[in-house]
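# A look at the structure
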Amino acid sequence: MSERDDPVTIGRRVQQLRGERGLTQKQLAEPAYTPAYISTLEAGRVRASDEALRHIAERLGVAYDELITGRSARLATELRLQLTGAQRTLATGATEAAAEAFSAVLGEAEANGLVEERVAALLGLGECGLDTGDLDDARCHFEQAERELAAAPLPVRVPALRGRAVAHYLAGELRYAVYLLESTLDELNRGGMHDPDALLLLYASVIGPYMDLGAHARAAQAAELALALAPQAGDPALVARMHRSVARTLLAEGRIAEADASLAKAAELYRGLQIRTELAHCHWMRGYVCAQNGELDRAEAELREARAMLSAKRAGLYTSQVAVELADVLHRRGKSDGAAALLREVLSDLSPERGALHSAAAHRLLGIIAEDARDTEAAEEHYVRALSLLERAGAAGDLADLCRLLGDLLRRTGRVEAALDAYRTGLGHRTAPGTTTLGPAPAQPPL
């Protein structure tokens, strides 16, 4: 039940509504109360019982909650309809229009004290920030939603917690993102809060950071648990996101056909739901799968399609990330000049705080292209920049390979001791991936 306003405010509201309807105090009071009681109530000198207020609300023709809070029940319904519209707009990839709609709802909800609608608008604005790459804004909106939900059960808070973790992940803060997701999973599972949607959202979201940290065993376990939870989940968009995430672990295990099938399931769900931005991510991931399988012409087509879809919707950060994958395919197809030009364009849009992993990947590929052109000085510079970005992010999965490239370059140029140092650094990151940088695995759900 909503909290009541104070007796004076309620009294004034009753008096105003009675006047608007042309009722006397006697007409409002009958048959259960007296005109004197209504007079006292309107003066704010009595705290009316729930029974009396329900009687008065019925006589005035308003909802009980509207009478005691001053908030129109119709307004909440209208705002929920606007939120649904904003979510559909976001699904089509029109992020700026969606952000405007969410902001409008947020203003109305704040003005009228509607907490549930305010939280939904904040979460929507956070998702808009993730799509456009405005990670600081996204994080702030998710944090505000968490504060609003501080007293709510943990499953209710999961979307805000997950959003904040994804913002940290995209900023290159891998370990902190994993900490947020793992600690929430642990609390849910140890506390017996078996909410399939909340758990599936968390497991699907933690797979990417696990893979980038080199914790492949944990990523595979998270994928296995997500697949087991999927039949219990009620949100088809969430199931589609899970299939897209699981494809990455299947690919790492060399199960290319299964990864492609998982992405096909995700794409089918997204088409049915008309979620265009996520469909672009499926094209992106399928391009990556094709590239790993040596189907470079198909990979280029899929990645170009993903880039065009994301660029059209001004999803800046994701567009830059796809461009790095596309440049790799172009290089492998012998189009190194085009790849280098694309990478230089991408690096102007990325930074250590915004897309650190793909910025490192761009420098790594530029280093390889420079080596092919026998420009060892430029190659070394790019490798060192990539190494710095990956070390800051803790991306052990890519660090070992980069140290090998740098070590080989140093050895070929006669700097054997420096090469040995690079190899040792790489070996350090290859030791027991996923166990040296992370604590104990979170508790598992009772499947």
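For clarity, every value in this text was computed on a predicted model and none was experimentally measured. (Residues numbered from 1 in each chain as written. Predicted model: local features only at pLDDT ≥ 70, side-chain atom pairs only at ≥ 80, totals over all residues. Heavy atoms only, no water.)

### Some thoughts on the overall build of the protein chain
Regarding its fold elements, the protein chain presents 23 helices and zero strands. Here the C-alpha atoms of the protein chain give a radius of gyration of 28 Å, more than 25% beyond the 22 Å that 2.2 N^0.38 yields for 447 residues. Each principal axis of the C-alpha atoms in the protein chain carries an extent, and together these give about 100 × 45 × 35 Å. Taking all 447 residues of the protein chain together, 51% fall into the buried category. Sequence-distant contacts, at least 24 apart, represent 61% of the contacts inside the protein chain between residues at least 6 apart. (Helix = DSSP H or I, 4+ residues; strand = E, 2+ residues; numbered from the N terminus. Rg over C-alpha atoms; globule rule 2.2 N^0.38 Å. Buried < 20%, exposed > 50% of the residue type's maximum accessible area, 1.4 Å probe, protein only. Contact = heavy atoms within 4.5 Å.)

### A word on the UniProt feature "domain: HTH cro/C1-type" (unreviewed entry) in the protein chain
As annotated in UniProt, the feature "domain: HTH cro/C1-type" (unreviewed entry) corresponds to residues 14–67 in the numbering used here. What you have in residues 14–67 is 65% helix and 0% strand, and the ends, taken at the C-alpha atoms, are 8 Å apart. (UniProt positions renumbered as here; feature names shortened; annotations may be inferred.)

### Thoughts on the confidence of the model for the protein chain
Residues at a pLDDT of 70 or more form 95% of the protein chain, whose mean pLDDT is 87. Scored below 50 in pLDDT, residues 431–437 makes seven contacts in the model with residues more than four places away or belonging to other chains. (pLDDT = per-residue confidence, 0-100.)

### Observations regarding the environment of A315
Among the secondary structure elements, A315 is positioned in the loop between α17 (296–312) and α18 (316–332). Here A315 falls in the buried class, since its relative accessible area comes to 1%. Along the sequence, A315 and S245 sit 70 residues apart, while their C-alpha atoms lie 19 Å from each other. When neighbours within four sequence positions are excluded, A315 is seen to be in contact with D131, T132 and L310.

### A closer look at the nonpolar core
Of all hydrophobic cores here, the largest spans 69 residues; its most connected members are F102, L130 and L343. Counting residues per element, this core draws most heavily on α18, at nine residues. In contact with F102, other than residues within four places in its own chain, are L83, A86, Q87, L90, A120, A121, G124, L125 and C128. L225, M285, Y383 and L399 belong to the second largest nonpolar core, which has 66 residues in total. (Core = buried A, V, L, I, M, F, W, Y, C linked by side-chain atoms within 4.5 Å.)

### Things to note about the packing of helix α19 (residues 336–347) against helix α20 (residues 356–372)
It is at 10 Å that the axes of α19 and α20 come closest, and there the two elements cross at 150°. Looking at the two axes, α19 sits roughly antiparallel to α20. As α19 packs across α20, the resulting crossing turns out to be left-handed. Across the interface between the two elements, S336, A339, A340, L343, R344 and L347 from α19 touch S359, A362, H363, L365, L366 and I369 from α20. Taken together, the residues of the contact of α19 with α20 sort by class into eight nonpolar, three polar and one charged. (Axes fitted to C-alpha atoms, helices over the stretch in contact; angles between N-to-C directions. Parallel < 35°, antiparallel > 145°, perpendicular 65-115°, else oblique. Left-handed = near helix turned anticlockwise from the far one by under 90°. Nonpolar A, V, L, I, M, F, W, Y, C, P; charged D, E, K, R; others polar.)

### Describing α19
Relative to the 16 Å expected for twelve residues at 1.5 Å per residue, α19 spans 16 Å between its end C-alpha atoms, a close match to the ideal helical length. Along α19, the residues classified as buried are A339, A340, L342, L343, V346 and L347. Axial view of α19: buried residues confined to an arc of 165°, hence all on one face. Across from the buried face of α19, at angles greater than 90 degrees, the exposed residues are D337 and R344. Buried residues in α19 make contact with α17, α18 and α20. (Expected span 1.5 Å × (residues − 1). Arc of directions from axis to C-beta.)

### A word on the packing of aromatic side chains
Applying the stated criterion across every chain yields a total of three aromatic pairs. Residues Y33 and Y37 carry aromatic rings whose centres are separated by 5.3 Å and whose planes lie at 20° to one another, so their mutual orientation is stacked. On the accessibility criterion, Y33 (22% relative accessible area) is partly exposed. The partly exposed category is assigned to Y37, whose relative accessible area is 21%. Where Y176 meets Y179, the ring centres are 5.9 Å apart and the plane angle is 25°; that geometry is what we call stacked. Separated by three residues within a single helix, Y176 and Y179 lie in helix α11 (residues 174–190), roughly one turn from each other. (Phe/Tyr/Trp six-rings, centres within 6.5 Å; stacked < 30°, edge-to-face > 60°.)

### Overview of the packing of α18 against α19
Direction vectors running N to C along α18 and α19 enclose 165°, while the axes themselves pass 8 Å from each other. One finds that α18 runs roughly antiparallel with respect to α19. In terms of crossing hand, the pair formed by α18 and α19 is left-handed. For the pair formed by α18 and α19, the contact residues are S320, A323, V324, L326, A327, L330 and H331 on the first element and S336, G338, A339, L342, L343 and V346 on the second. Its residues placed into classes, the contact of α18 with α19 shows nine nonpolar, four polar and no charged.

### A look at unusual backbone geometry
Cis geometry is adopted by the peptide bond preceding P31, which originates at E30 and carries an omega value of 0°. The phi angle at R374 is positive, at roughly 65°, despite the residue not being glycine. Examined against the element boundaries, R374 turns out to sit in the loop between α20 and α21 (376–393).

### Description of the pattern of salt bridges
Applying the stated rule across the entire model yields 32 salt bridges. As a salt-bridge pair, R118 and E110 come within 2.1 Å of each other at their nearest N and O atoms. Judged by its relative accessible area of 14%, R118 is buried. Assessed through its relative accessible area of 44%, E110 is described here as partly exposed. As a salt-bridge pair, D260 and R286 come within 3.2 Å of each other at their nearest N and O atoms. Within this pair, whereas D260 is found in helix α15 (residues 256–273), its partner R286 is found in helix α16 (residues 276–292), the two being separated by 26 residues in sequence. The class for R286 is buried, based on a relative accessible area of 17%. Salt bridges here are not isolated pairs; linked through shared partners, they connect R364, D401, R404, D408 and R411. (Salt bridge = Lys/Arg side-chain N within 4 Å of Asp/Glu carboxyl O.)

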